[in-house]
Amino acid sequence: MSLMEQLLKKTLLGLLTATLFSGFIYFEYFGLTNYLINSIFGIAAFYLLLTIPKKAVLVAGFFIGLFWFYWIGYSFKYTGVGYITPFVTFGFGIIYTLFFSPLAFTNKSYMRATFLFALSFFEPFSFNWMKFELLFTQSYFGVQKWQLALILVALVVAIELPKKYKALALAFLVGAIDFSQTKVTPPPLKIKLVQTHILQQEKWLLKNQYSIVQQNFQAIKKAIKQHYDLVVLPESTFPLYLNTQPQLIALLKELSLKIAIVTGALYYENGKNYNVSYFFEDGKMQIAKKMVLVPFGEYIPLPKFMQKIINDFFFNGEADFSHANNPTDFIIKGTKFRNAICYEATTDAIFKGDVKYVIAISNNGWFVPSIEPTLQNLLMKFYSKKYGVMIYHSANAEGGGVIY
């Protein structure tokens, strides 16, 4: 086999691995999800990562980065630097080439399996959406770490042990099957999730502020007429610092005498900016500040001097958002809900403690059309399955619904 043929073979193997590793996202995006196919694709993807040539591993890492996160650069067009989108996309390919590169230091499947399991705990730049367990969220296998470990052990046994012992691999795979039948009982409330369709380029224009606010009030009044107990509007659906608008707050408090309201908006306090949920019930207001911020979206996870350079260049010198130190719970008509704003609904931190129900609000207008709302939804399904919770998700653009 010539050098060119070897290179082509390794490239195709890497591309095949990345395709299998990412297939579940695109099946969901196109409405083709199948538990059996997801199970086969997931097992096959990990098998290839344990066995393909070293250079093919790097190719796989690059394309996994592209297939999962090509959309991240889309948001930059709204800050006036859309021309860097291709460079951001390529950059994520490079980041995940490096992420998977430890596998390329060995051909031993048991060493690669060890590296893979270790990498499942690692979050580059605090961005945690690369979750290996996610491949099995809608499959016959479980999503816990120990189940991922059993799958990797099963594959190592199948690859390394003599033929007469390979049947042990099947035993490990059976051990990783999700036999749980836990079902969360819905709360005793009639909940309206509002999905808006406001274009990101239109959302923050001052000339559109009045009409957007009116749409929000119309949605609340419609929910009242339909006899809902609670209406949930998306993240920043009021495109302003709501706490600086006493007239709007007074109107929302008045409406909350008829229906409980959760809505997203900004909050300004002591020179700091917060992304928050506002909760209105019985004429009273409660604030839930976002606890887990989006890396490179709401804060820069780099040293101070680099934060300033990036904020000046990409975000017109605006400061990062501030955050809460702890999650916030709302008691709505006697039922406790954990608040989560967009990205933090896809982090372990928001599900810690006594959590049964979560209200999540998002603005996915930054990234549509793309697979981002689909990937976010899959991540919420993962956490719902992992922690046994029910998530009520209201989103702008795409991705809302009840997840359990």
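Look above for the structure.
The structure presented is a predicted model; accordingly, all values stated were derived computationally and were not measured.

### Notes on the environment of lysine 183
Residue placement: lysine 183 occurs in the loop between helix 7 (167–175) and strand 1 (191–193). Measuring from C-alpha to C-alpha, the distance between lysine 183 and lysine 385 comes to 9.6 Å, with 202 residues separating the pair along the chain.

### Some details on the nonpolar core
Counting residues in hydrophobic clusters, the biggest one holds 73 residues, and the most contacted among them are Phe21, Phe46, Trp68, Phe69, Phe100 and Phe132. Residues contacting phenylalanine 132, with those up to four places away along its chain left out, are Phe21, Phe46, Phe99, Phe100, Leu116, Leu119, Ser120 and Leu148. In terms of nonpolar packing, the next biggest core, distinct from the first, is built from 24 residues, Val231, Leu242, Leu248 and Ile259 among them.

### Observations concerning the packing of aromatic side chains
If you walk through the whole model with that rule in mind, you get 45 aromatic pairs. Here phenylalanine 117 and phenylalanine 121 contribute two aromatic rings whose centre-to-centre distance is 5.4 Å and whose plane-to-plane angle is 85 degrees, an arrangement assigned as edge-to-face. Using a relative accessible area of 27% as the deciding quantity, one classes phenylalanine 117 as partly exposed. A cation sits over an aromatic face here: lysine 190 above tyrosine 228, 4.7 Å from the ring centre. For the cation-ring pair, lysine 289 lies above tyrosine 274, with the distance from its terminal atom to the ring centre recorded as 4.2 Å.

### Observations regarding the sheet that holds strand 11 (residues 401–403)
The strand order across the open sheet built from five strands is 7-8-9-10-11, with neighbouring strands paired in mixed fashion. Each having just a single partner strand, strand 7 (329–332) and strand 11 make up the two edges of the open sheet. Averaged over all pairs of adjacent strands, the angle between their axes in this sheet comes to 30 degrees, without regard to strand direction. Inspection of the sheet shows strand 7 paired to strand 8 (residues 335–341) by four bridges, in the antiparallel sense. Note that in strand 8 the partner of isoleucine 332 across the bridge is threonine 335.

### Observations concerning unusual backbone geometry
At the junction of valine 368 and proline 369, the peptide bond is cis and its omega measures out at 0 degrees in the coordinates. At histidine 227, a residue that is not glycine, the phi angle is positive and equals roughly 65 degrees. The residue histidine 227 is located in the loop between helix 9 (209–225) and strand 2 (230–232) in this model. Accessibility expressed as a relative area gives 65% for histidine 227, which makes it exposed.

### Description of the pattern of salt bridges
Throughout the structure, instances matching the rule amount to nine salt bridges. Note that glutamate 133 is salt-bridged to lysine 145, the shortest N-O span being 3.1 Å. Residue glutamate 133 is located in the loop between helix 5 (109–119) and helix 6 (145–160), and its partner lysine 145 is located in helix 6; the two are separated by 12 residues in the primary sequence. For lysine 145, a relative accessible area of 23% puts it in the partly exposed group. Between arginine 338 and aspartate 329 there is a salt bridge, with the nearest N and O atoms lying 2.4 Å from each other. Assessed through its relative accessible area of 6%, arginine 338 is described here as buried.

### Topic: the side chain of threonine 17
In this fold, threonine 17 is placed in helix 1 (residues 3–29). Of the residues examined, threonine 17 reaches a relative accessible area of 0% and is grouped as buried. Once residues lying within four places of it in the same chain are set aside, the contact partners of threonine 17 are Ala45, Leu48, Leu49, Ile52 and Ala60.

### Topic: the packing of helix 3 (residues 54–69) against helix 4 (residues 85–100)
Between helix 3 and helix 4, the shortest axis-to-axis distance is 7 Å and the interhelical angle comes to 135 degrees. On the basis of the axis angle, helix 3 is oblique to helix 4. In the packing of helix 3 onto helix 4, the handedness of the crossing is right-handed. For the pair formed by helix 3 and helix 4, the contact residues are Val57, Leu58, Gly61, Phe62, Ile64, Gly65, Leu66 and Phe69 on the first element and Thr89, Phe90, Phe92, Gly93, Ile94, Tyr96, Thr97 and Phe100 on the second. Residue classes in the contact of helix 3 with helix 4 are distributed as 11 nonpolar, five polar and no charged.

Procedures and definitions
Residues numbered from 1 in each chain as written. Predicted model: local features only at pLDDT ≥ 70, side-chain atom pairs only at ≥ 80, totals over all residues. Heavy atoms only, no water. Helix = DSSP H or I, 4+ residues; strand = E, 2+ residues; numbered from the N terminus. Core = buried A, V, L, I, M, F, W, Y, C linked by side-chain atoms within 4.5 Å. Buried < 20%, exposed > 50% of the residue type's maximum accessible area, 1.4 Å probe, protein only. Contact = heavy atoms within 4.5 Å. Phe/Tyr/Trp six-rings, centres within 6.5 Å; stacked < 30°, edge-to-face > 60°. Lys NZ or Arg CZ within 6 Å of the ring centre and 35° of its normal. Pairing = 2+ DSSP bridges. Axes fitted to C-alpha atoms, helices over the stretch in contact; angles between N-to-C directions. Salt bridge = Lys/Arg side-chain N within 4 Å of Asp/Glu carboxyl O. Parallel < 35°, antiparallel > 145°, perpendicular 65-115°, else oblique. Left-handed = near helix turned anticlockwise from the far one by under 90°. Nonpolar A, V, L, I, M, F, W, Y, C, P; charged D, E, K, R; others polar.

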